[in-house]
Structures are given as structure tokens and as C-alpha cells.
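Report on the structure
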Amino acid sequence: MPRIEPVEPSSAELEARAELDRQLAASGRLTNMKRTLAHSGTALHALMTWYPLRDRVVPFLGERATTLFAHAISARTDCLICSTFFRRILVESGEDPDAPALDERERTVVDYGVQLAVDANGVSDELYGRLAAFLEPAEIVDLTAFGALMIATNLFNNALRVDLDGYLEPYRADGSAVRRR
């Protein structure tokens, strides 16, 4: 049960309603997370900057590696909503989200995402060096900021126990990212 009920778009404050309208136009649905964030237009806007950062990361990382990175973070933070969302993308593209075949570059990106989620202070020189071997400084900045917003989104969903959206239910992992209450 969620700690805060999602709001109906029509009852959201003006700033939140405008952002919900943008999100609905872009994706065709309003998730429980977005509707919960809509209690505050500022909070909604802040976490929705995830999308522009993702749009900056995809050109240099690629769709698959970007999804693997976000999934790694979300699974490691045990975020039911986000890990299931990225599982769906991986499954629908023919991947096994529990055992993806990774090349060296993808392994580095996944390792970096996991380490950000576990303890960003623990990013070793070795891991950073592997990342810097194929990314420019500005790309590392964008990837790290994208990861930070992914973690923030996971934290929001976990702390407020936002309910999993029904359309994601078939993609739920068998206990690997189940919220503990």
C-alpha cells in the first residue's frame, strides 16, 4: 500500500498538471510514480529531468547499454517499479534481464551503475579507468548525473512505497527486486 496516494491530474497543482500533460503526451500514460510526484510540481519537474539526461546518454552509450545501466542501478537499489520497468524493455527486446550477455564496455557500464547504487565513494580508480577508456569527460558527467537521478527515482519509489503499475506486473522478477515491507 502506498504511503501517499497518487493524485488525479485534474486535482494536481498547476505546475504539476502542466508537467503531467507533457508526460502524458510523450508516453501515453501517467504512472503511479509520476502521479505521486505530482503532489509537488517542483519535485515532479526535478525527477522528470531524468528524460533529458537519458537523451544525452543514449547517443554515446546506445539504447541497450543505457537500459542495462538503469536496470543495474534499479535492481541494486531494490526498486520494484524501476527494475521492473527496465526488465520489460529488456524482455521485449529479446534479452534475458537476469543474465544479459555483456561485452567489455557494457560490463563496465553495468559495474559503474551497480557501484553508484551501492556506494559512490567506492568507485575505484580501476573502475573509473575502465569507464574513462571509452567515454569522454563530458559523457562521464552526463552518465553519472543520469545515474544519480536514477537512484533518486528509486529512492522516491522505495521510501513512499509507490505501487507497481499494472502494465508492469507480467515483467516482475521472481523475488530479485521485490520490495520488502
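Report follows, based on the coordinates. Note that the structure is a prediction, hence the values are computed from the model and not measured.

Turning to the overall build of the protein, a few remarks are in order. A tally of helices and strands in the protein yields nine helices and zero strands. Listing the helices and strands of the protein from first to last along the sequence gives α-α-α-α-α-α-α-α-α. The C-alpha atoms of the protein give 16 Å as radius of gyration, which agrees with the globular expectation for 181 residues (16 Å, within 12%). Taken over the C-alpha atoms alone, the protein extends approximately 50 × 35 × 30 Å along its principal axes. Each of the 181 residues in the protein was classed as buried or not, and the buried ones make up 44%. When contacts within the protein are restricted to residue pairs at least 6 apart in sequence, long-range pairs at least 24 apart make up 70% of them. If you average the places of the 20 positive and of the 27 negative side-chain charges in the protein, the two averages end up 5 Å apart.

Across all of its chains, the model carries five aromatic pairs by this definition. Ring centres 5.3 Å apart and planes at 40° place the aromatic pair tryptophan 50 and phenylalanine 146 in the tilted group. One end of the pair, tryptophan 50, is in helix H4 (residues 50–61); the other, phenylalanine 146, is in helix H9 (residues 137–160), and 96 residues separate them in sequence. For phenylalanine 146, a relative accessible area of 0% translates into the label buried. Where phenylalanine 85 meets phenylalanine 86, the ring centres are 5.0 Å apart and the plane angle is 90°; that geometry is what we call edge-to-face. Taking the relative accessible area as the measure of exposure, phenylalanine 85 reaches 25% and is therefore partly exposed. Three or more aromatic residues joined by ring pairs make a cluster, and in this case those are Trp50, Tyr51, Phe69, Phe85, Phe86 and Phe146.

If you trace the backbone, threonine 36 turns up in helix H2 (residues 32–37). Setting aside chain neighbours within four positions, we find threonine 36 in contact with Ile4, Pro6, Phe156, Leu160 and Val162.

The residue alanine 25 is located in helix H1 (residues 14–27) in this model. The spacing of alanine 25 and tryptophan 50 is 25 residues in sequence and 16 Å in space, taken between C-alpha atoms.

A separate point is unusual backbone geometry. For aspartate 78, which is not glycine, the phi dihedral falls at a positive 60°. Mapped onto the secondary structure, aspartate 78 falls in the loop between helix H5 (63–76) and helix H6 (80–92). One non-glycine residue, arginine 161, lies in positive phi territory at about 50°. Along the polypeptide, arginine 161 turns up in the segment after H9. A residue is classified by how much of its surface remains accessible, and arginine 161, at 25% relative accessible area, is partly exposed.

Moving on, we come to the layout of surface pockets. Summary: where empty space remains is shown by rolling a probe the size of a single water molecule over the atoms. In this structure, the largest pocket encloses a volume near 490 Å³. Thr31, Lys34, Trp50, Tyr51 and Phe85 are, among the 24 residues lining the largest pocket, the residues nearest its centre. Counting only elements with at least two residues in the lining of the largest pocket, the list comes to H1, H2, helix H3 (41–48), H4, H6 and H9. Looking at the lining of the largest pocket residue by residue, the classes come out as 14 nonpolar, five polar and five charged.

Moving on: the side chain of histidine 71. Considering the arrangement of structural elements, one finds histidine 71 in helix H5. When sequence neighbours within four positions are dropped, the list of residues in contact with histidine 71 reads Ser83, Phe86, Arg87, Leu90 and Pro97.

Basis of the calculations
- Residues numbered from 1 in each chain as written.
- Predicted model: local features only at pLDDT ≥ 70, side-chain atom pairs only at ≥ 80, totals over all residues.
- Heavy atoms only, no water.
- Helix = DSSP H or I, 4+ residues; strand = E, 2+ residues; numbered from the N terminus.
- Rg over C-alpha atoms; globule rule 2.2 N^0.38 Å.
- Buried < 20%, exposed > 50% of the residue type's maximum accessible area, 1.4 Å probe, protein only.
- Contact = heavy atoms within 4.5 Å.
- Lys, Arg positive; Asp, Glu negative; His and termini not counted.
- Charge placed at Lys NZ, Arg CZ, Asp CG, Glu CD.
- Phe/Tyr/Trp six-rings, centres within 6.5 Å; stacked < 30°, edge-to-face > 60°.
- 1 Å grid on protein atoms, 1.4 Å probe; cavity = no way out; pocket = protein on both sides within 12 Å on 5 of 7 lines; lining within 4 Å.
- Points joined across faces, edges and corners; volume = space filled by probe spheres on them.
- Nonpolar A, V, L, I, M, F, W, Y, C, P; charged D, E, K, R; others polar.

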